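# Per-entry structural report
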Amino acid sequence: MKITLDVFQTEIEGDSGYPVDGLELQCPRCGHGVEVFGTHDGSAKRGAVMMREECPRGENNFYETDW
């Protein structure tokens, strides 16, 4: 199934403990979310891959973004 993720720009805690720009991606079906560093297209794609790997329902959906 193809699912378009909700994407929000946010600040997340970096490895050094300081806030950095990032994206939060959330599944509209189950509400599961992931955070990734960066705010560019590659970051959104990485988040979509993470969603597929971490799906709490064990589904093998194809995730995409409008980012």
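Everything below is about the structure shown above.
A short tour of the structure in this document, coming up.

Calculation notes
- Residues numbered from 1 in each chain as written.
- Predicted model: local features only at pLDDT ≥ 70, side-chain atom pairs only at ≥ 80, totals over all residues.
- Heavy atoms only, no water.
- Pairing = 2+ DSSP bridges.
- Helix = DSSP H or I, 4+ residues; strand = E, 2+ residues; numbered from the N terminus.
- Axes fitted to C-alpha atoms, helices over the stretch in contact; angles between N-to-C directions.
- Contact = heavy atoms within 4.5 Å.
- Salt bridge = Lys/Arg side-chain N within 4 Å of Asp/Glu carboxyl O.
- Buried < 20%, exposed > 50% of the residue type's maximum accessible area, 1.4 Å probe, protein only.

This brings us to the sheet that holds strand β2 (residues 6-13). The strand order β2-β3-β4 describes an open sheet built from three strands, whose pairing is antiparallel. Only two strands of the sheet have a single neighbouring strand rather than two, namely β2 and β4 (33-37). In this sheet, neighbouring strand axes are inclined to one another by 35° on average, regardless of whether the strands run parallel or antiparallel. Two strands pair when backbone bridges link them, and β2 and strand β3 (residues 19-26) are joined in this way by eight bridges, in the antiparallel orientation. Note on β3: the bridge partner recorded for Ile-12 is Val-20. Helix α1 (residues 41-54) rests against β3 and β4 of the sheet, and its axis sits at about 145° to β4.

With that settled, the discussion passes to the pairing of β3. In this antiparallel pair of consecutive strands, β2 and β3, the connection spans five residues, and Gly-17 shows a positive phi of 95°. Across five bridges, β3 lies against β4 in antiparallel orientation. Bridging from a neighbouring strand, Gln-26 pairs with Gly-33 of β4. From the end of β3 to the start of β4, which pair antiparallel, there are six residues, and Gly-31 there has a positive phi angle of about 85°.

A few words on the pattern of salt bridges. If the charged atoms of two oppositely charged side chains come close together, the side chains can form a pair. Scanning the model with the defined rule gives three salt bridges in all. Note that Lys-2 is salt-bridged to Glu-64, the shortest N-O span being 4.0 Å. Within this pair, whereas Lys-2 is found in strand β1 (residues 2-4), its partner Glu-64 is found in strand β5 (residues 62-64), the two being separated by 62 residues in sequence. One salt bridge in this structure joins Arg-29 and Glu-59, with 3.4 Å as the shortest N-O distance. Of this pair, Arg-29 sits in the loop between β3 and β4 while Glu-59 sits in the loop between α1 and β5, and the two are 30 residues apart along the sequence. Residue classification places Arg-29 among the partly exposed positions, given a relative accessible area of 37%. Judged by its relative accessible area of 23%, Glu-59 falls in the partly exposed class.

In short, shape yes, function no, at least from these values alone.
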